[in-house]
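Secondary and tertiary structure notes
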Amino acid sequence: MKSLKYLVGYPAETLQQVQALIDAGRLGELLARRYPLGHEVRSDKALFDYTQDLKLRYLRNAEPLNKVCFDAKLKVIQHALGTHTRASRVQGNKLKAKREIRIAGLFKEAPAEFLKMIVVHELAHLKELDHNKAFYQLCQHMEPSYGQLEFDLRLYLTQQDIAAAQEQA
């Protein structure tokens, strides 16, 4: 079960079901059937607009975002799918804060639901810094099927790794 690194912490029964799908070569087919549609968010500007729309809908009083962009190096360097950073600078006698969200470049080609899930996740960090109960409740508020999408994204990443390994073989 070495290929299930994204599913660490899930019950053994769940891991066995996933392994059975992988062994039968049906994981990719299942995901393609469940998430057939892509999205049109391909540029940093489109991603910023997409993120701002979600922010305005659910987090009107949250701090403004200065930058939202795709980052092709994100998954490789930081082992993350998205990041939320805050930078504070002293400017004269004022403290200026900048907030930035970076989304892994693989989400340009991922199904629309996964892009929304990761953007919702990073937006939730505007209000809740830690991955605690309040954080996940906020994610659930912005995307009611957040929990299922997070699990399915882990399956998608597993399938991506399997496909990459098969290409190298």
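Note: the structure precedes this text.
Keep in mind it's a predicted model, so treat the numbers as computed, not measured.

Attention now goes to the overall build of the protein chain. Across its full length, the protein chain carries seven helices and three strands. Sequence-ordered secondary structure for the protein chain, helices as α and strands as β, is α-α-α-β-α-β-β-α-α-α. Taken over the C-alpha atoms alone, the protein chain extends approximately 65 × 35 × 25 Å along its principal axes. Of all 169 residues assigned to the protein chain, the portion counted as buried reaches 40%.

Moving on: the side chain of Glu143. As for its placement among the helices and strands, Glu143 is situated in the loop between α6 (133-142) and α7 (146-168). What makes Glu143 buried here is its relative accessible area of 11%. There is a polar contact of 2.7 Å between the side chain of Glu143 and the side chain of Ser145. Residue contacts for Glu143: discarding those within four places in its chain leaves Lys116, Val120 and Leu149.

This part covers the packing of aromatic side chains. The description of two aromatic rings rests on the distance between their centres and on the angle between their planes. Per the stated rule, a full pass over the model turns up five aromatic pairs. The interplanar angle of 90° and the centroid separation of 5.0 Å between the aromatic rings of Phe135 and Tyr136 together place this pair among those described as edge-to-face. Feature note: the residues Tyr35, Phe114 and Tyr156 constitute an aromatic cluster, connected by ring pairs.

Attention now goes to the side chain of His39. With respect to the helices and strands, the residue His39 is situated in the loop between α2 (27-34) and α3 (44-58). Only 3.4 Å separates the side chain of His39 from the backbone oxygen of Lys108, close enough to count as a polar contact. Ignoring anything within four residues of it in the chain, the contact list for His39 reads Phe107, Lys108, Ala110, Pro111, Ala112 and Leu115.

Once that is clear, we can look at the packing of helix α5 (residues 112-124) against α6. Between α5 and α6, whose axes approach to 9 Å, the crossing angle comes to 135°. Overall, the two elements α5 and α6 adopt an arrangement that is oblique. Crossing of α5 against α6: the hand is right-handed. Facing α5, whose interface residues are Lys116, Val120, His121, Leu123 and Ala124, α6 presents Phe135, Leu138, Cys139 and Met142. For the contact of α5 with α6, the per-class residue count stands at seven nonpolar, one polar and one charged.

Here we take up α3. For α3, with 15 residues, the first-to-last C-alpha span of 21 Å sits near the 21 Å given by 1.5 Å per residue. Those residues of α3 that are buried are in contact with β1 (67-71), β3 (94-104) and α5.

Here the focus is the pattern of salt bridges. Throughout the structure, instances matching the rule amount to eight salt bridges. Ionic pairing is found between Lys5 and Asp161, a salt bridge with its closest N-O pair at 3.5 Å. You can see Lys5 sitting in the segment before α1 (12-23) and its partner Asp161 sitting in helix α7, a full 156 residues away along the chain. Measuring nitrogen to oxygen at the nearest pair gives 3.2 Å for the salt bridge that ties Glu143 to Lys116. Of the two residues, Glu143 sits in the loop between α6 and α7 while Lys116 sits in helix α5, which places them 27 residues apart along the sequence. Via salt bridges that share partners, Asp71, Glu100 and Arg102 belong to a single interconnected network.

The rules we used
Residues numbered from 1 in each chain as written. Predicted model: local features only at pLDDT ≥ 70, side-chain atom pairs only at ≥ 80, totals over all residues. Heavy atoms only, no water. Helix = DSSP H or I, 4+ residues; strand = E, 2+ residues; numbered from the N terminus. Buried < 20%, exposed > 50% of the residue type's maximum accessible area, 1.4 Å probe, protein only. Polar contact = N/O pair within 3.5 Å; in protein donor to acceptor, adjacent residues only side chain to side chain. Contact = heavy atoms within 4.5 Å. Phe/Tyr/Trp six-rings, centres within 6.5 Å; stacked < 30°, edge-to-face > 60°. Axes fitted to C-alpha atoms, helices over the stretch in contact; angles between N-to-C directions. Parallel < 35°, antiparallel > 145°, perpendicular 65-115°, else oblique. Left-handed = near helix turned anticlockwise from the far one by under 90°. Nonpolar A, V, L, I, M, F, W, Y, C, P; charged D, E, K, R; others polar. Expected span 1.5 Å × (residues − 1). Salt bridge = Lys/Arg side-chain N within 4 Å of Asp/Glu carboxyl O.

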